Amino acid sequence: MSFRTPLGQVTGLGSAKSGTAHWWGQRVSALGLIPLSLWFAGSVLQLSRADYITVIVWLHTPWVAVLLSLFLVTLLYHAYLGVQVVIEDYVHTEWSKLASLLVIKFACILLGAAGVFTALRVAFGA
Amino acid sequence: MATDNRPLSPHLGIYRWQITMTMSILHRATGVALAVGSLMLVWWLVAAGIGPDAYDTVHSFLSAWYGQVLLIGWTFSLFYHLCNGVRHLAWDAGWGFQIRTFYITGYAVWAVALLLTAGTLCVAYSGGAT
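Computed from a prediction, not measured in an experiment: that's the story for all the values here. (Residues numbered from 1 in each chain as written. Chains lettered and ligands numbered in written order. Predicted model: local features only at pLDDT ≥ 70, side-chain atom pairs only at ≥ 80, totals over all residues.)

We now examine the nonpolar core. By size, the foremost hydrophobic cluster in this structure holds 31 residues, and its most contacted members are Leu75(A), Leu76(A), Ala79(A), Leu45(B), Ala48(B), Phe79(B) and Cys83(B). Secondary-structure elements contributing two or more residues to this core are α2 (21–46), α4 (62–90) and α5 (94–123) of chain A together with α1 (19–50), α3 (65–92) and α4 (99–126) of chain B. (Core = buried A, V, L, I, M, F, W, Y, C linked by C-beta atoms within 7 Å. Buried ≥ 20, exposed ≤ 12 C-beta atoms within 10 Å, placed from the backbone. Helix = DSSP H or I, 4+ residues; strand = E, 2+ residues; numbered from the N terminus.)

This next bit is on the packing of α3(B) against α4(B). The axes of two packed helices give the description: the angle between them and the distance between them. Residue and element names in this part refer to chain B. Between α3 and α4, whose axes approach to 9 Å, the crossing angle comes to 145°. Relative to α4, α3 is oriented so that their crossing is right-handed. Judged by residue contacts, Ile72, Thr75, Phe76, Phe79, Tyr80, Cys83, Asn84 and Arg87 of α3 engage Thr105, Val109, Val112, Ala113, Leu116, Thr117, Thr120 and Leu121 from α4. Each residue belonging to the contact of α3 with α4 can be placed in one class, and the counts come to 10 nonpolar, 5 polar and 1 charged. (Axes fitted to C-alpha atoms, helices over the stretch in contact; angles between N-to-C directions. Left-handed = near helix turned anticlockwise from the far one by under 90°. Contact = placed C-beta atoms within 7 Å. Nonpolar A, V, L, I, M, F, W, Y, C, P; charged D, E, K, R; others polar.)

Our next topic: the interface of chain B and chain A. On the chain A side, the residues contacting the 25 residues of chain B number 27 residues. Among the elements of the structure, α1, α2 (52–63), α3 and α4 of chain B are those that each provide at least two residues to the side of chain B that touches chain A. Classifying every residue of the side of chain B that touches chain A by side-chain character gives 16 nonpolar, 7 polar and 2 charged.

For the rest of this paragraph, the subject is the environment of Gly73(B). All names here are of chain B. Position of glycine 73 among the secondary structure elements: in helix α3. Taking the C-beta count within 10 Å as the criterion, glycine 73 has 16 such neighbours and is therefore assigned partly exposed. In the structure, glycine 73 is positioned 57 residues away from arginine 16 in sequence and 28 Å away in space, judged by C-alpha atoms.

Taking 1.5 Å of rise per residue, 29 residues should cover 42 Å, and α4(A) covers 42 Å from first to last C-alpha, within 8% of that figure. Listed in full, the buried residues belonging to α4(A) are Leu68(A), Phe71(A), Leu72(A), Leu75(A), Leu76(A), His78(A), Ala79(A), Tyr80(A), Gly82(A) and Val83(A). (Expected span 1.5 Å × (residues − 1).)

So, in structure tokens, the structure goes:
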């Protein structure tokens, strides 16, 4: 027999009240990062001796802007989920845990916004 | 209620060292290193968007010896975290839990990650890809 309340059984969120969302988010973003990070590593390797103009021309390519934006968002989402677990494991004081989680979250969103904005701005030719 | 004399569960120091432990903590360490690396990535990209002068600043930072050390570190971190991440996804799918398989996949992750890192460095420093 189950000791869960009927509401608890329906929502399926467990004691952490977030269910399996974090676990799934980490796995699905990991799956997406396999091709995206290989593409990015290969691209920067090809650009390793390139001058400024070559880099801008590369950023101008439409599919580069799309893949680079997807890579940035997926990477920072995955990075946030990972660093979140590290903080939850090692920071035990409630207020400093909450503060560091918020700092990491805002930093990831800021980096993502700045990165995607730049990728699109260069791609649209500003 | 007395809480100080409670028995503790065995902690890290009590176990014999195994390579699987190092691989586990290294997965986390490389993950954190790569998260820090995303700062570098966005700095590089935003500088390219700002203009040639800003891009030159990033370029000279990355060309200096400390920049090169960072890039080599991030290259290995990426390939290690990627390969071991695939190993983790296999575990999540329920595959690879025999002790023998743990070791085989573990050494395979080391081999592939080091090969990819070495190959990347060869291409980068030989100027093969311009």
